[in-house]
Amino acid sequence: MVVKNEKAIKSEETAATIERYFAEVEDPRSRINQEHKLVDILVITICAVICGADDWEAVASFGRAKQSWLEGFLALPSGIPSHDTFWRVFRALDAEEFQRSFVKWMQALCRLKKGEIVAVDGKKLRRSFAKEDSKAAIHMVSAWASANGVVLGQRKVDDKSNEITAIPELLRTLEIEGCIVTTDAMGCQTEIAQTILDQNADYLLALKENQPHLYEDVALLFDDLEESGFRAYTYDEVTDVDKGHGRIEVRKAWVISDPDILCHLRGFQRWPQLRSVVKIQSERYLPSGNSCEIRYFISSLDRPASAILHAVRTHWSIENSCHWVLDIAFREDESRLRKDNGAQNFALLRHIALNALKQESSLRIGIKNKRLRAGWDHDYLMKVLSAAFS
């Protein structure tokens with residue numbers, strides 16, 4: 001009788017948990033002469049991407065290098081699959097089912113706090129285009145939980161559509177009650193605002209010329225306020241100063257929440273529960289020169305200017321902590337995967353790996369170095385998996 005040690009038992013439990021979360025993903029292969037179990041393929045791929053694999057050949061190479069370790073908790077009836085097997089499986093795997101299983105995993109793993117900022121933004125997989133098939137590069141919209149530091153979900157933008165239709169579809173899959181959803185100007189649409197409210201959350205949407213009448217009126221409202229010496233309307237104001245790296249940035253926010261004023265904005269009735277409009281002025285002082293940027297926002301929030309400014313600043317964590325990390329640590333913009341569902345599914349695998357690495361907090365090093373450490377150290381890899389799939 002083989003007596004398994006504690007590490008082997010823990011590894012088996014983790015693999016079983018991964019299988020449970022992704023059980024709804026249907027195996028796209030024929031049952032005839034099937035040599036490899038789908039759960040083995042999923043677990044090997046997730047481990048490989050965590051450890052630095054960025055294409056199917058690297059996934060297969062990881063499996064062969066770690067075969068003896070993987071055999072400790074996976075069945076592997078025919079050994080390690082070839083890179084062609086990994087490619088065919090994920091190329092054919094239903095991306096919608098894979099996405100739903102990802103969301104289910106995140107809902108079990110991540111408990112959102114009331115008032116947490118959920119930033120929604122799009123990112124193009126730049127090299128996923130295929131000239132021979134006249135296929136444009138894939139565009140993905142993601143939702144980022146700022147306080148938890150994880151991707152909550154993502155959705156591919158349809159070829160004949162844009163973010164305006166993808167964002168509501170993504171939001172309807174998420175449990176974001178009590179959160180504040182932020183978007184850039186592309187997401188400033190009445191349907192998106194209503195979808196956020198339907199999810200029992202609040203919206204804070206960047207406002208630009210894609211809503212020309214509302215943008216013009218909001219800008220004039222704050223211009224009138226300034227020209228009156230800030231006496232024309234009731235408002236709240238806050239100033240925030242950052243210093244560092246030879247740069248000084250001064251941010252000022254003004255918020256108008258008076259319903260008797262807001263009701264005169266053109267299109268006001270179209271915007272559900274519109275409770276405040278916001279002006280933010282960012283002044284940057286650099287050795288190379290100074291700059292000033294003004295932005296406007298609309299929101300269902302009736303909060304102090306300090307809270308609104310914090311939410312606006314937090315929105316950019318999706319760029320700094322998610323999109324930038326995917327490009328630098330995962331080399332996402334260099335990925336040339338493009339056939340069928342392969343690129344979309346590998347993008348989701350990167351999100352799985354990013355979330356897992358973010359959940360493991362014992363090492364205070366960057367994501368790239370965490371990937372390297374997980375590839376070198378079985379114990380650390382299992383610690384990452386246990387943190388994400390406990």
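In this report, we go over the structure that sits alongside the text. Keep in mind that this is a model prediction, so the values were computed, not measured. (Residues numbered from 1 in each chain as written. Predicted model: local features only at pLDDT ≥ 70, side-chain atom pairs only at ≥ 80, totals over all residues. Heavy atoms only, no water.)

### Considerations on the pairing of strand β2 (residues 139-145)
Extensive coverage of β2 is indicated by the burial of 6 of its 7 residues. Bridge count for strand β1 (residues 117-124) against β2 is 7 bridges, and the pairing is antiparallel. Residue pairing in the sheet places V120 in a bridge with A143 of β2. Where β2 and strand β3 (residues 150-156) come together, 6 bridges link them in antiparallel fashion. Looking at β3, one finds that S142 is bridged to Q154. Between the end of β2 and the start of β3, which pair antiparallel, lie 4 residues, with G149 showing a positive phi angle near 70 degrees. (Buried < 20%, exposed > 50% of the residue type's maximum accessible area, 1.4 Å probe, protein only. Helix = DSSP H or I, 4+ residues; strand = E, 2+ residues; numbered from the N terminus. Pairing = 2+ DSSP bridges.)

### What about the packing of aromatic side chains?
Applying the stated criterion to the full structure yields 12 aromatic pairs. With a centroid separation of 5.5 Å and 80 degrees between ring planes, the pair formed by F102 and W105 is classed as edge-to-face. Taken together, the residues span about one helical turn, with F102 and W105 both in helix α6 (residues 95-109) at a distance of 3 residues. With 6.1 Å between their ring centres and 15 degrees between their planes, F230 and W254 make a pair best called stacked. Of this pair, F230 sits in the loop between α9 (212-227) and β6 (236-244) while W254 is found in strand β7 (residues 247-256), placing the two residues 24 residues apart along the sequence. Given the relative accessible area of 30%, F230 is considered partly exposed. (Phe/Tyr/Trp six-rings, centres within 6.5 Å; stacked < 30°, edge-to-face > 60°.)

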